[in-house]
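As a plain string of letters, each chain reads:
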Amino acid sequence: MIYLNGEFIPIEQARIPVLDRGFIFGDGVYEVIPVYSRHPFRLSEHLRRLRGSLDGIRLGNPHDDAEWTRLVRRLIKLNEPDDQSLYLQVTRGVAKRDHAFPKGVAPTVFMMSNELSRPPMEQIQNGVGAITAADNRWLRCDIKSIALLPNVLLRQEAVDAGCVEAVLLREGIMTEGSASNIFVVNDGVLLAPPKNNLMLPGITYDVVLELAQANGIKHQVRPVAESELRGADEAWLTSSTKEVLAIVRLDGKAVGKGIPGPLFRRMYALYQDYKERVMRAPEV
Ligand SMILES: Cc1ncc(COP(=O)(O)O)c(C=O)c1O
C-alpha cells in the first residue's frame, strides 16, 4: 500500500496528473526513512530535515510532525516487511505550466514503502570501489530535492566504472557522494566535511559522528582536501540504506591497504549495536 493525498491505496491505483510540478519541474523534496523491526529510524530527525528542505524551496509543510508520524506509522502497519525503506515526497502540486509558484494549489504528498535491502555481506566484508568526479551540482545540495539528474548521471558514471559510488570534489575539496556522505580516516583521526550548502546533512552522518564522540574515536569536522582523500588510510560512505561501507578502491587505486580498515570495522559494529538498541526500544 502507498499513501497519496490523504488515501492509503495499492500502488497500481495511484495516479498523478501529468501537470504535477514534480513531473514537470522536479519541483519537490523527499526523504528516505529506514524502518527496522517496524521502528522508523530517527524519524524526528528525518522530519526536521524535511522541514528544512521545504523551507529551502519555500513550500509550506502540509503536515505537522504529529500528523506525519501518524501517517508513517500507518504506512508501516499496512506493509508486510518488518524492515522497510519509506520514501516520502512532497511536490508543489498540480498547475498550468509556469515556472513561478502557483497560487492556492495544494501540494502533492506521496509515500511508499519498499522492503529494506541491506548491503550485501560481500560489500560489508570486502568494501566497495568508488570513482571521483567533479561536483557539478547546484549550490543548495543541503536541500533534499527530487531534481536528482546530476546525482543520477554521477552515480551512473560510477556504475559504468564497476563502482558503487562517485566521490564528489569541488575546487579541491571533498563534498559528498552522489547518494551518500563520505568520511576519511588519516593517522587514526576520522575526518568529516562540515555541514553546509554543498552537501546533504545526512542522518547516518550524524549517527556516525555521535558514535565517534560517545566512544572516544578521534574525529574532526572540517573541510577535507582532495589530497587528504587520495592519501587516506580509510574512506567510508554512509547513507540510510547503505549504512556504513568502506571504500577500498578509489579511481582504481587501493585506499590504505585496500581492505576495510580497523576504524571502519569498529564503527560498523557500533552502528549495528546502535541500530539494535533502537530496534528494541518501545515503538514511537
Ligand atoms: C546526495 C546525498 N548525500 C548524502 C546522503 C545520505 O543521507 P542519509 O544518511 O540521511 O541517508 C544521501 C542519501 O541518500 C544523498 O542522496
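It should be emphasised that the depicted structure is a prediction, and the values quoted were computed from it without experimental measurement.

Analysis parameters
- Residues numbered from 1 in each chain as written.
- Predicted model: local features only at pLDDT ≥ 70, side-chain atom pairs only at ≥ 80, totals over all residues.
- Heavy atoms only, no water.
- Helix = DSSP H or I, 4+ residues; strand = E, 2+ residues; numbered from the N terminus.
- Rg over C-alpha atoms; globule rule 2.2 N^0.38 Å.
- Buried < 20%, exposed > 50% of the residue type's maximum accessible area, 1.4 Å probe, protein only.
- Areas by Shrake-Rupley, 256 points an atom, 1.4 Å probe, with all protein chains shown as cover.
- Lys, Arg positive; Asp, Glu negative; His and termini not counted.
- Charge placed at Lys NZ, Arg CZ, Asp CG, Glu CD.
- Phe/Tyr/Trp six-rings, centres within 6.5 Å; stacked < 30°, edge-to-face > 60°.
- Lys NZ or Arg CZ within 6 Å of the ring centre and 35° of its normal.
- Axes fitted to C-alpha atoms, helices over the stretch in contact; angles between N-to-C directions.
- Parallel < 35°, antiparallel > 145°, perpendicular 65-115°, else oblique.
- Left-handed = near helix turned anticlockwise from the far one by under 90°.
- Contact = heavy atoms within 4.5 Å.
- Nonpolar A, V, L, I, M, F, W, Y, C, P; charged D, E, K, R; others polar.
- Pairing = 2+ DSSP bridges.
- Salt bridge = Lys/Arg side-chain N within 4 Å of Asp/Glu carboxyl O.
- Core = buried A, V, L, I, M, F, W, Y, C linked by side-chain atoms within 4.5 Å.

1. Notes on the overall build of the protein chain
What the protein chain contains, in helices and strands, is eight helices and 15 strands. The C-alpha atoms of the protein chain give 19 Å as radius of gyration, which agrees with the globular expectation for 284 residues (19 Å, within 12%). Along the three orthogonal principal directions, the C-alpha set of the protein chain runs to about 55 × 45 × 30 Å. A buried classification covers 50% of the 284 residues belonging to the protein chain. Total accessible area on the protein chain is roughly 13600 Å²; 53% of this is exposed by carbon and sulfur atoms. A gap of 2 Å separates the mean positions of the 35 positive and 35 negative side-chain charges of the protein chain.

2. Things to note about the packing of aromatic side chains
Evaluation of the coordinates by the stated rule reveals ten aromatic pairs. With 6.1 Å between their ring centres and 40° between their planes, Phe 183 and Trp 236 make a pair best called tilted. Of this pair, Phe 183 sits in strand S10 (residues 181-186) while Trp 236 is found in strand S13 (residues 234-239), placing the two residues 53 residues apart along the sequence. Side by side, Phe 183 and Trp 236 carry an identical accessibility label, which is buried. Taken together, Phe 183, Tyr 205, Trp 236, Phe 264 and Tyr 268 form an aromatic cluster joined through their ring pairs. Positioned above the aromatic ring of Phe 8, the side-chain terminus of Arg 74 is 5.6 Å from the ring centre.

3. Section: the packing of helix H2 (residues 43-56) against helix H3 (residues 65-78)
One way to put it is that H2 packs onto H3 with a least axis distance of 11 Å and a crossing angle of 120°. By the angle between their directions, the pair H2 and H3 is classed as oblique. In the crossing of H2 with H3, the sense of the turn from one axis to the other is right-handed. Counting all contacts with H2, which are made through Leu 43, Leu 47, Leu 50 and Arg 51, the residues of H3 involved are Asp 65, Trp 68, Thr 69 and Val 72. Considering only residue class, the contact of H2 with H3 consists of five nonpolar, one polar and two charged.

4. Description of the sheet that holds strand S2 (residues 7-9)
Pairing in this open sheet of six strands is antiparallel, and the strands run S2-S1-S6-S5-S3-S4 from one edge to the other. The sheet terminates laterally at S2 and strand S4 (39-40), the two strands that pair on one side only. Across the sheet, H2 lies against strand S3 (28-36), S4 and strand S5 (84-91), angled at about 175° from S3, the strand it touches most.

5. Remarks on the pattern of salt bridges
Applying the stated criterion across every chain yields a total of 18 salt bridges. Among the ionic pairs, Arg 70 bridges to Glu 67, the shortest N-O distance being 3.1 Å. On the criterion of helical spacing, the pair formed by Arg 70 and Glu 67 is a turn pair, its members being three residues apart in helix H3. Residue Arg 70 is classed as partly exposed on the basis of its relative accessible area of 47%. Accessibility expressed as a relative area gives 25% for Glu 67, which makes it partly exposed. Between Arg 230 and Glu 226 there is a salt bridge, and its shortest N-O distance comes to 3.0 Å. Of this pair, Arg 230 and Glu 226 both sit in helix H7 (residues 226-230), four residues apart, which is roughly one turn of that helix. Looking at Glu 226, the relative accessible area reads 26%, which means it is partly exposed.

6. Quick word on the nonpolar core
In this structure, Val 167, Met 174, Phe 183, Val 184, Trp 236, Ile 247 and Met 267 are the most contacted members of the largest nonpolar core, which totals 47 residues. Taken together, the elements giving at least two residues each to this core come down to strand S7 (128-134), strand S8 (165-170), S10, strand S11 (189-192), helix H6 (203-214), S13, strand S14 (243-250) and helix H8 (262-280).

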